[in-house]
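# Structural characterization, general
Residue strings, one per chain:
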Amino acid sequence: MQHTQNSAISPEEAAAGPTTISGPVLPRLQKRRSPEQAARIATRRHLLEFVQMLETRRAELGLSRSAIARQLGVTQPTISRLFSGHVQNIELKTMVRVAEVLDSDLKLVITPRPAVRSGA
C-alpha cells in the first residue's frame, strides 16, 4: 500500500507503534483519586510487584507451586492464591518462609510517600 497525502497517518507514525496515554492526561486522572484510593492502589501495586518477584524466582528455580506448598506445609491452593496476588493480608513470617523456600533473602524497605497536594 502506497502512502498518499490523504492518508490518516504517515509511515513514520505507523512505524512508531500504538499511542500511549501520557503527559498531562495521567496526572489529571490521578488527581481525581482521594488519598485513600491512592493508598489502596499503591498497596495493591506493591503486592503485585512482590508476587511477580516470587513467580520469577520460582520459575528460575524450576519449582512447582505444589513443591513450594509441600515445603511450607500448606495447601497448593494457598500458594496459588499467594502467587496470583489474591491475598488480603500476608504475614511477615510467611513472606520470610516463602523467600527461604525460594533460596532468597527478603528485604523490606520503607520509603517516604510523595507529598499529597490538596486543592490544586
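Residues numbered from 1 in each chain as written. Predicted model: local features only at pLDDT ≥ 70, side-chain atom pairs only at ≥ 80, totals over all residues. Heavy atoms only, no water.

### Comments concerning the overall build of the protein
Helices and strands together make up the secondary structure of the protein, namely six helices and zero strands. Each helix (α) and strand (β) of the protein, taken in turn from the N terminus, gives the series α-α-α-α-α-α. For the protein, restricting intrachain contacts to residue pairs at least 6 apart in sequence, the fraction spanning at least 24 positions comes to 52%. Carbon and sulfur atoms make up 55% of the accessible area of the protein, which totals about 9900 Å². (Helix = DSSP H or I, 4+ residues; strand = E, 2+ residues; numbered from the N terminus. Contact = heavy atoms within 4.5 Å. Areas by Shrake-Rupley, 256 points an atom, 1.4 Å probe, with all protein chains shown as cover.)

### Describing the packing of helix 4 (residues 65-72) against helix 5 (residues 76-83)
The N-to-C vectors of helix 4 and helix 5 enclose an angle of 115 degrees; their axes lie 8 Å apart at closest approach. It follows that helix 4 is roughly perpendicular to helix 5 by the angle criterion. The hand of the helix 4/helix 5 crossing is right-handed. Note on element contacts: helix 5 touches helix 4 through Gln76, Ile79, Ser80 and Phe83, opposite Arg65, Ser66, Ile68, Ala69 and Leu72. By residue class, the composition of the contact of helix 4 with helix 5 is five nonpolar, three polar and one charged. (Axes fitted to C-alpha atoms, helices over the stretch in contact; angles between N-to-C directions. Parallel < 35°, antiparallel > 145°, perpendicular 65-115°, else oblique. Left-handed = near helix turned anticlockwise from the far one by under 90°. Nonpolar A, V, L, I, M, F, W, Y, C, P; charged D, E, K, R; others polar.)

### Quick look at the confidence of the model for the protein
Of the residues in the protein, 70% have a pLDDT of 70 or more, and the chain-wide mean is 78. By mean pLDDT, helix 1 (residues 11-16) is the weakest element of the protein at 56, and helix 4 is the strongest at 94. Within the model, the stretch residues 1-7 combines pLDDT values under 50 with three contacts to residues more than four positions away or in other chains. (pLDDT = per-residue confidence, 0-100.)

### Concerning helix 4
Those residues of helix 4 that fall on the buried side of the exposure criterion are Ala67, Ile68, Ala69 and Leu72. Lining the buried residues of helix 4 we find helix 3 (35-61), helix 5 and helix 6 (92-101). Taken from the residues just after helix 4, Gly73 is the one with a positive phi, measuring 75 degrees. (Buried < 20%, exposed > 50% of the residue type's maximum accessible area, 1.4 Å probe, protein only.)

### Some thoughts on the pattern of salt bridges
Under the counting rule described, the total for this entry stands at five salt bridges. Between Glu49 and Arg45 there is a salt bridge, with the nearest N and O atoms lying 3.6 Å from each other. Within this pair, Glu49 and its partner Arg45 are both found in helix 3, separated by four residues, close to a single helical turn. Glu49 sits in the partly exposed class, given a relative accessible area of 38%. Put simply, Arg57 and Glu60 hold a salt bridge, and the shortest N to O gap is 3.2 Å. Highlighted residues: Arg57 and Glu60, both in helix 3, separated by three residues, approximately one helical turn. One network of salt bridges, with partners in common, ties together Glu55, Arg58 and Arg65. (Salt bridge = Lys/Arg side-chain N within 4 Å of Asp/Glu carboxyl O.)

### Comments concerning the side chain of Arg58
Along the polypeptide, Arg58 turns up in helix 3. On the basis of relative accessibility, which here comes to 16%, the residue Arg58 falls in the buried class. Not counting residues up to four positions away in its chain, the partners in contact with Arg58 are Leu63, Ser64, Arg65, Ile68, Phe83 and Leu102.

### A short note on the nonpolar core
Among the nonpolar cores identified, the biggest contains 17 residues, and Leu54, Ile68, Phe83 and Leu102 are the most heavily contacted of them. Elements with a contribution of two residues or more to this core: helix 3, helix 4, helix 5 and helix 6. Once you skip the residues sitting within four places of it in the chain, Ile68 turns out to touch Arg58, Leu63, Ile79, Phe83, Val101 and Leu102. (Core = buried A, V, L, I, M, F, W, Y, C linked by side-chain atoms within 4.5 Å.)

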